[in-house]
Amino acid sequence: MKKFKFITLLSVITLFASCDNDDDSTIVNLGEPSNFTVRIENIGSAYSFIDSGIFNTPVGDASPGPATPGKRYEFTVDAGRSQKLSFVTMLAATNDLFFAPDGNGIAFYDDNGDPISRDVTDQVYLWDAGTEVNEEPAVGPNTVGMQSGPDTGAVENGNVLKIADVTNGFMFDYPAVNEIISVSITHVEGTLFTVSIEDLTTASLETSAGSSVAPLSPGVYVIHGGENPLFTEGEADYGQGVEAIAEDGNATPLSDYTAENTGVTYPSSPGIFVVHEGNTMPLFTSGVTDFDLGLEHIAEDGNTAVLADNLSGLEGQISGAVFNTVDGGSGPGPLLPGNTYTFSFTAEAGNSLSFASMLAATNDVLFATQDTGIELFSADGTPLSGDITNEVYLWDAGTEVNEQPAIGPNTVTNQLAADTGIDETEPVQFLSNVNDGYSYPNVDTVLRITITPN
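Report on the accompanying structure. As a convention, each chain's residues are numbered from 1 in the sequence order in which they are written. In keeping with the predicted nature of the model, local features appear solely for residues at pLDDT of at least 70, side-chain atom pairs appear and are counted solely at 80 or more, and the whole-chain, interface and lining totals rest on all residues. Working from all heavy atoms in the structure, the side-chain values ignore hydrogens and water.

Moving on to the sheet that holds strand β2 (residues 34-42). Here the rule is simple: two strands pair whenever DSSP picks up at least two bridges between them. Strands are runs of DSSP state E lasting at least two residues, helices are runs of H or I lasting at least four, and both sets are numbered from the N terminus onward. Across the sheet, four strands lie side by side as β18-β2-β25-β22; this open sheet has antiparallel pairing. The open sheet has two edge strands, β18 (340-347) and β22 (386-387), and neither has a second partner. Sheet topology places β2 next to strand β25 (residues 447-453); seven bridges connect them, and they run antiparallel. Looking across to β25, one finds that Glu41 is bridged to Arg448.

If you want it as structure tokens, here you go:
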């Protein structure tokens, strides 16, 4: 199966429309065929982070505080192959310096997709937040430990830069990063990793007043895809809380921000719609294994090609087509939050509608109506109109073993290649009947689906 690889994720919405008219006499003299337009809108939330948290209590300590030389912070995270680690912790005794990875973050897996267990300090840098004018570490009146209160010191209005690139005339001597901090990632099992951030016992700052220790402040970590969303090198601080850590070791503002922006983003993949005779089941039958005509490829990979090739052979099929380009888009792609797919067709009394699209971030979960689809006309010939979201359910295609959404190694965006999950031969069934222990969104929190007769 060919998988669509998107930042975050793909999804499948299967929308069936069917007509249950046992008495053909109820649909005589129903008039001319009608044209319909279906609009599928992703109303879900787009999150910057798949996981986030605060680290503020050194190992062995009973309460929050800085990590002085010889102490370390530790935290455990769940991370998929496509996700990276970023964090921010202050180099105390300075004005606004902090340690963090660069914009790429730190990968939890190697190029072969295997989890790592190693020292990653070489991917950590000392940064200047550009928010407060630098003074001599541990000596300047507005450095942490010397200032009269938080958020004092001359405002700089600069940009976030590696300290080695700062050229504002206030250059002081700082030890190398690996003389102050040690960062390691250790694979625990499955997708679990432990991160350790240690203040090295030999670390010190040489100042005009003598040697001074260099504590690490409480900080914030995030697990994310793509580039580091906490700051951008060469640009001003985002105002989300990095400044509070960099100047005062106060992790609360950034922790609050990241918590509000943490969650699973659920795109919907390209899909296929089918107009068909009422009471037929063109895409699947509830309680029966997949027909092996291509629905599996959509459910697992967002790949419409196989089902499109088999479109003419689907039960009761009258017409149908692929929908794969968001409104206003220039080419095929997933349906991300805030975007819509639209497709149109012609149907007549007795016809029903079915369509399918993948719920991204999963292994083989679909949005779909009942297997017989949605009836397009009422008994008196009135064409269907309005919001039909409540006709849609989450289904498990039964073709691949479920894993934690957005994290599991064979979920879309985390798998190494298409069709690499653990095969299963379960029936297509409501996801609510599958006890896999994972959480999924309600349909109406991700999609809004409307149909309009033209």
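Anyway, onward from the coordinates.
Here four strands make up an open sheet; going across it, the order is β4-β12-β11-β8 and the pairing antiparallel. Bordering the open sheet on either side are β4 (72-78) and β8 (118-119), each of which pairs with just one other strand. Two elements, β8 and strand β11 (residues 181-189), share two bridges in a ladder whose sense is antiparallel. Each residue of the ladder has a partner; that of Arg118, found in β11, is Ile185.

So, about the pairing of strand β6 (residues 97-101). The side chains of a regular strand alternate between both faces of the sheet. Each residue is assigned to one of three classes by its accessible area relative to the maximum for its type, calculated with a 1.4 Å probe on protein chains only: buried under 20%, partly exposed between the two thresholds, exposed over 50%. Of all five residues in β6, five are buried, a share of seventy percent or more. The side-chain alternation of β6 yields two buried faces, one formed by Leu97, Phe99 and Pro101 and the other by Phe98 and Ala100. The sheet contact formed by strand β5 (residues 84-91) and β6 spans two bridges and is antiparallel. Bridging from a neighbouring strand, Met90 pairs with Phe98 of β6. Taking the residues between adjacent antiparallel strands as the criterion, β5 and β6 are bridged by five residues, where Ala93 takes a positive phi near 80 degrees.

Moving on: the packing of aromatic side chains. For Phe, Tyr and Trp, where Trp contributes only its six-membered ring, two rings pair if their centres lie within 6.5 Å, and the inter-plane angle classes them as stacked under 30 degrees, edge-to-face over 60, or tilted in between. Going through the model one piece at a time under the given rule, you end up with 22 aromatic pairs. Centroid distance Phe323 to Phe355: 6.0 Å. Interplanar angle 80 degrees. Geometry classified as edge-to-face. Taken together, the residues span a long stretch of sequence, with Phe323 in strand β17 (residues 317-323) and Phe355 in strand β19 (residues 351-358) at a distance of 32 residues. A residue is classified by how much of its surface remains accessible, and Phe323, at 4% relative accessible area, is buried.

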